[in-house]
Amino acid sequence: MAILQISTKAKNARLQALADEINIGSSSGSENATLVFYTSPQAADLATSIGSQIPLCVATVPYPFESSIAAGSLTASAFSTAMATATGTATWARLYNGS
């Protein structure tokens, strides 16, 4: 069986595409992306809307999301804002871009 190896250049490009998606709609003075932590059960997929899950915390994603992308790794910028909205145990999270 062959092992597929991805070049660092390709890894960096994939990470940059991910960061670009998270940054959509975000910029100074506009709507930033958010990371929302929820209680169980986890939604089956992205097409499944939130139902009985309770949002416990909403963290504002910094713009730009990425602090650096190098050597096949993404370092996120520091998060500075989060709002607790309820009590409970977070079991999963969903990341929403700014659009």
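How each quantity is defined
- Residues numbered from 1 in each chain as written.
- Predicted model: local features only at pLDDT ≥ 70, side-chain atom pairs only at ≥ 80, totals over all residues.
- Heavy atoms only, no water.
- Helix = DSSP H or I, 4+ residues; strand = E, 2+ residues; numbered from the N terminus.
- Polar contact = N/O pair within 3.5 Å; in protein donor to acceptor, adjacent residues only side chain to side chain.
- Contact = heavy atoms within 4.5 Å.
- Buried < 20%, exposed > 50% of the residue type's maximum accessible area, 1.4 Å probe, protein only.
- Pairing = 2+ DSSP bridges.

## Description of the side chain of Ser 77
Of note, Ser 77 is situated in the loop between strand 4 (73-76) and strand 5 (81-84). From its side chain, Ser 77 meets the backbone oxygen of Pro 64 in a polar contact 2.9 Å long. Ignoring any residue separated from it by four or fewer positions in sequence, one finds Ser 77 in contact with Pro 62, Pro 64, Phe 65, Glu 66 and Ser 67.

## Remarks on unusual backbone geometry
Look at the link from Ser 40 to Pro 41: it is a cis peptide, with omega at -5 degrees. Turning to its location among the elements, Pro 41 is positioned in the loop between strand 1 (34-38) and strand 2 (55-60). A cis amide bond, omega -5 degrees, links Tyr 63 with the succeeding residue Pro 64. Within the secondary structure, Pro 64 is located in the loop between strand 2 and strand 3 (66-70). If you check the backbone angles, Ala 71 has positive phi at about 55 degrees while not being a glycine. Mapped onto the fold, Ala 71 is located in the loop between strand 3 and strand 4.

## Focus: the pairing of strand 1
Where burial is concerned, the two faces of strand 1 differ: the one with Thr 34, Val 36 and Tyr 38 is buried and the one with Leu 35 and Phe 37 is not. Summarising the sheet, strand 1 and strand 2 pair through five bridges and their orientation is antiparallel. Paired with Thr 34 across the bridge in strand 2 is Thr 60. Both strand 1 and strand 6 (residues 92-96) contribute to a ladder of five bridges, which runs antiparallel. What sits directly across from Phe 37, in strand 6, is Ala 93.

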